[in-house]
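So the chains spell out like this:
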Amino acid sequence: MLERIKELYAYREMIASLVKRDLKGRYKGSALGFLWTFLNPLLQLAVYTMVFSMIMRAGIEDYYLFLFVALIPWIFFSTSLAGGAGCILAQQDLVKKIYFPREVLPVSYVTSQFVNMLLSFLVIFAVLLAAGYSLLPGAVLCLPIIMAVEYVLAIGFTMIMSAVTVYIRDLEYILGILTMAWQFLTPVMYSLEQVPEEIRWVFQVNPMTHVITAYRDILYYGKMPRLETLLSAALTGTGMLFAGWYVFQRLQRRFAEEL
């Protein structure tokens, strides 16, 4: 695996080029262009806030902030999985014609989504400041850690999904439904404390539960995330990266034939 990482690093310019192309081409031809990077999460926030704070009455103080600090990371993760599943298929001509580490494709796709999330965090900080929320400096220092953990977790899952989709094309479409269901099994729109005790274990084994909890502790509650939360997220993210890398290595051998 170490040799593959070195080879992947050697192709870092290719990764950077693919990331730039994705970011520039995402909203090409649209009237608002790059502004959709900020408008998309804001529009989703408006819909969820109306449903859960006005119609279903979640009863959470400043619910729009409670939701926003979890929704942006979730959008990054779900988009990486659902969109990244087809990243090998989308570049099949490249895969069949030239040699390069195939891991470049899922890594570059997830990285472009990660950059998009970082830009969206500018909106989060602006909203928090406008609402008068103060952030604990020590807690903010933990933010890059949990971002890195989520990034690694997303790469691990995307490697598996993108490799399997080459063999099972329907997975690309099924993932849209699965990620929607996964969102409801992750404390994005509600707190973990609202989940009945007897089924809370289901949420505890969900790797995104620890990630979302850490984000919310730092940004909404303004406190240090629990060490247990950080460790669980880090161990799960690392384990998923190794699992994703292993599955990708096994399946990539017949990519050219299947494509």
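Computed from a predicted model, the values in this text were never measured in an experiment.

Engineer: Outline helix α7 (residues 104-130), supporting the account with residue identities and numerical values.
Structural biologist: Over its 27 residues, α7 runs 39 Å from end to end, which matches the ideal 39 Å to within 8%, given 1.5 Å per residue. Two residues or fewer after α7 comes G132, characterised by a positive phi angle close to 80 degrees.

Engineer: Before we move on, could you go through the packing of helix α4 (residues 63-84) against helix α10 (residues 171-184) and cite the residues and values that matter?
Structural biologist: Their axes nearest at 9 Å, the elements α4 and α10 cross at an angle of 155 degrees. Relative to α10, the element α4 is oriented roughly antiparallel. For the element pair α4 and α10, the recorded crossing hand is right-handed. Residues L71, W74, F77, S78, L81 and A82 of α4 form the contact with α10, whose own contacting residues are E172, L175, T179, W182 and Q183. For the contact of α4 with α10, a count of residues per class yields seven nonpolar, three polar and one charged.

Engineer: Give me the lowdown on the packing of α4 against α7, citing residues and values where you can.
Structural biologist: The relative placement of two packed helices is expressed as an angle between their axes plus a distance between the axes. The N-to-C vectors of α4 and α7 enclose an angle of 170 degrees; their axes lie 10 Å apart at closest approach. One finds that α4 runs roughly antiparallel with respect to α7. Contacts from Y64, L65, F68, V69, I72, P73, F76, T79, S80, G83 and G84 in α4 reach Y109, V110, Q113, F114, M117, S120, F121, V123, I124, V127 and L128 in α7. Among the residues making up the contact of α4 with α7, the classes are represented as 16 nonpolar, six polar and no charged.

Rules and cut-offs
- Residues numbered from 1 in each chain as written.
- Predicted model: local features only at pLDDT ≥ 70, side-chain atom pairs only at ≥ 80, totals over all residues.
- Heavy atoms only, no water.
- Helix = DSSP H or I, 4+ residues; strand = E, 2+ residues; numbered from the N terminus.
- Expected span 1.5 Å × (residues − 1).
- Axes fitted to C-alpha atoms, helices over the stretch in contact; angles between N-to-C directions.
- Parallel < 35°, antiparallel > 145°, perpendicular 65-115°, else oblique.
- Left-handed = near helix turned anticlockwise from the far one by under 90°.
- Contact = heavy atoms within 4.5 Å.
- Nonpolar A, V, L, I, M, F, W, Y, C, P; charged D, E, K, R; others polar.

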